[in-house]
Amino acid sequence: MLSAFEVVAEPNRRRILDLLREGRRPVGELVDRLGLTQPTVSKHLRVLKDARLVDVEQDAQRRLYRLRPEPLLELDSWLAPYRELWARRLDALERHLDTMADDEPAPTRRSPAPRRKS
């Protein structure tokens, strides 16, 4: 079985997850929204289902797919240190910009010179 990392590495599977984040959808609607063939979407859904990122429900003749966010916690845990790294860098940038605003006057904008008539 593929890990959540391997599964979401494929762009079309990420697009499917994005659509399912909005709510349950039948395969036909996913095909229409993605502009892919039905067999291609079905293959991606099978991979997502095997990775337990989606569930499928039978509704009469339709199969409705829905997102299972729990397996994405693995990705979230892995990304947490990187979010912290960026937060520290952005905080440092904010502090730097705050000191610049206190130390330096804001640049003035000059009007363009009037055009001469020929």
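Residues numbered from 1 in each chain as written. Predicted model: local features only at pLDDT ≥ 70, side-chain atom pairs only at ≥ 80, totals over all residues. Heavy atoms only, no water.

In the nomenclature of an unreviewed UniProt entry, the protein is known as ArsR family transcriptional regulator of Archangium violaceum Cb vi76.

## What about unusual backbone geometry?
Short version of the rule: Runs of H or I in DSSP of at least four residues are treated as helices and runs of E of at least two as strands, each being numbered from the N terminus. Relative accessible area decides the class of each residue, using a 1.4 Å probe on protein chains only: under 20% of the type maximum gives buried, over 50% gives exposed, and in between gives partly exposed.
Positive phi is not limited to glycine here, since Arg52 has a value of about 65°. With respect to the helices and strands, the residue Arg52 is situated in the loop between α4 (38-50) and β2 (54-59). The phi dihedral of Ala60 falls on the positive side, at around 55°, and the residue is not glycine. Mapped onto the elements of the fold, Ala60 is located in the loop between β2 and β3 (62-67). On the accessibility criterion, Ala60 (67% relative accessible area) is exposed.

## Things to note about the pairing of β3
This is how it is decided: One bridge is not enough; two strands pair if DSSP finds at least two bridges between them.
The pairing of strand β1 (residues 25-26) with β3 spans two bridges and is classified as antiparallel. In the sheet register, Pro26 faces β3, and the bridge partner there is Leu64. Relative to β3, β2 runs antiparallel, the two sharing six bridges. Bridging across to β3, Asp55 finds its partner in Arg66. Turn length for the β2-β3 hairpin, with the two strands adjacent in sequence and antiparallel, is two residues, and the turn residue Ala60 shows positive phi of about 55°.

## With respect to a nonpolar patch on the surface
Note the following rule: Two distance rules govern patches: like charges are joined within 9 Å, and nonpolar side chains (Val, Leu, Ile, Met, Phe, Trp, Tyr) within 5 Å, applied only to residues with over 30% relative accessible area and no salt bridge. Shrake-Rupley sampling with a 1.4 Å probe provides the accessible areas, and residues are treated as covered by the protein chains on show and by no other component. Whenever a carboxyl oxygen of Asp or Glu lies within 4 Å of a side-chain nitrogen of Lys or Arg, that contact is scored as a salt bridge.
Nonpolar side chains collect at one region of the surface, where Phe5, Trp78, Leu79, Tyr82, Trp86, Leu90, Leu93, Leu97 and Met100 lie side by side and expose about 890 Å² of accessible area between them. Element by element, the count of residues in the nonpolar patch is highest for helix α5 (residues 73-103), at eight residues. With respect to the helices and strands, the residue Tyr82 is situated in helix α5. Taking the relative accessible area as the measure of exposure, Tyr82 reaches 42% and is therefore partly exposed.

## Some remarks on the nonpolar core
The tendency in soluble globular proteins is for nonpolar side chains to be buried as a group. We apply this condition: Side-chain atoms within 4.5 Å link the members of a nonpolar core, which is a set of buried Ala, Val, Leu, Ile, Met, Phe, Trp, Tyr and Cys residues. By definition in these notes, contact holds between two residues if any of their heavy atoms fall within 4.5 Å.
Ranked by size, the top nonpolar core spans 20 residues in total, and within it Ile16, Leu30, Val41, Leu45 and Leu48 carry the most contacts. Among the secondary structure elements, those contributing two or more residues to this core are α1 (4-8), α2 (11-21), α3 (27-34), α4 and β3. In this structure, Ile16 is in contact with Leu30, Leu34, Val41, His44, Leu45 and Leu48, ignoring residues within four places of it in sequence.

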